[in-house]
Amino acid sequence: MPEQQNEQKRESRPPREDRGRPHGGREGREGGRDFRGGRPEGPPEIDLEKLIGDPLYLDNQAHMVVSRMRDMDSGTKSQLRRLYNAVRRAVRSPENERQHQFVMLRARLAYTIARHSLRSLDTLEKLLLQVTRKNDARGYERFKDLFEAIIAYNE
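This text gives an overview of the structure that appears in the document. Just so you know, these numbers come straight off a predicted model, no measurement behind them.

Observations regarding the overall build of the protein
Summing up its helical and strand segments, the protein has eight helices and three strands in all. When its helices and strands are written in sequence order, the protein yields α-α-β-β-β-α-α-α-α-α-α. Within the span of the protein, comprising 155 residues, buried residues form 32% of the whole. When the accessible area of the protein is evaluated, it comes to approximately 10,200 Å², of which 46% is carbon and sulfur surface.

Here it is in structure tokens:
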């Protein structure tokens, strides 16, 4: 009889590695993003069309990113400067190579975000994906301007 009770207990418990973790061992994360209340945490995405057409929108978004950086991350100014220099090089690259340069920049940005826990820069990574897909010179230029404003406000 006690053997049967022990088996019932084992069946009702989650496997050892999942015990004590919310959502069956996923630690409250889905696809690398934090979830609270069923929605991903973080600011809304930056609208590329507004960024291209409205300089005040660009300025507001730069302030929001810097504010989130100060609240969330311990990223250094030198890390940001290195990324900004890569953005400037990508913008100056020949037109037939520019999209490739920005694709590689996105990979570098993703690595930096993961390596240094710079979650506040997730919005920039999403925006960079939009810019790269659109492959428009104005989009690349505005992304560079946004990054430059972030550098300036972070000083």
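Examining helix α7 (residues 122-134)
Compared with an ideal rise of 1.5 Å per residue, which puts 13 residues at 18 Å, α7 spans 19 Å between its outermost C-alpha atoms and is within 8% of the ideal. What α7 keeps buried is the set Asp122, Thr123, Leu124, Glu125, Leu127, Leu128, Val131 and Thr132. Once α7 ends, the next one or two residues include Asn135, with phi positive near 50°.

Let's talk about unusual backbone geometry
Positioned with a positive phi, Ser117 is a non-glycine residue whose angle comes to about 50°. One can find Ser117 in the loop between α6 (95-116) and α7.

Digging into helix α4 (residues 55-72)
Over its 18 residues, α4 extends 26 Å from the first C-alpha to the last, a length consistent with the 26 Å expected when each residue adds 1.5 Å. The elements touched by buried residues of α4 are α3 (48-53), α5 (77-92), α7 and α8 (137-154). Residue Asp54 occupies the N-cap position of α4, its side-chain oxygen lying 3.1 Å from the main-chain nitrogen of Leu56.

Some points on a positive patch on the surface
A grouping of Arg81, Arg82, Arg88, Arg89, Arg92 and Arg108 is seen on the molecular surface, where their side chains present a positively charged patch. The leading source of residues in the positive patch is α5, at five residues. With respect to the helices, strands and loops of the structure, Arg81 is situated in helix α5. By relative accessible area, Arg81 is classed as partly exposed at 36%.

Details of the packing of aromatic side chains
Counting across every chain of the model gives four aromatic pairs. Ring plane angle 20° and centroid distance 6.2 Å describe the contact between Tyr84 and Phe147, whose orientation is recorded as stacked. Linking Tyr84 in helix α5 with Phe147 in helix α8, this pair joins segments that are 63 residues apart in sequence. Phe147 carries the same exposure label as Tyr84, and that label is buried. Aromatic ring contacts, followed pair by pair, group Tyr84, Phe102, Tyr140, Phe143 and Phe147 into a single cluster.

Conventions we followed
Residues numbered from 1 in each chain as written. Predicted model: local features only at pLDDT ≥ 70, side-chain atom pairs only at ≥ 80, totals over all residues. Heavy atoms only, no water. Helix = DSSP H or I, 4+ residues; strand = E, 2+ residues; numbered from the N terminus. Buried < 20%, exposed > 50% of the residue type's maximum accessible area, 1.4 Å probe, protein only. Areas by Shrake-Rupley, 256 points an atom, 1.4 Å probe, with all protein chains shown as cover. Expected span 1.5 Å × (residues − 1). Contact = heavy atoms within 4.5 Å. Polar contact = N/O pair within 3.5 Å; in protein donor to acceptor, adjacent residues only side chain to side chain. Patch = residues over 30% accessible without salt bridge, like charges linked within 9 Å, V, L, I, M, F, W, Y side chains within 5 Å. Salt bridge = Lys/Arg side-chain N within 4 Å of Asp/Glu carboxyl O. Lys, Arg positive; Asp, Glu negative; His and termini not counted. Charge placed at Lys NZ, Arg CZ, Asp CG, Glu CD. Phe/Tyr/Trp six-rings, centres within 6.5 Å; stacked < 30°, edge-to-face > 60°.

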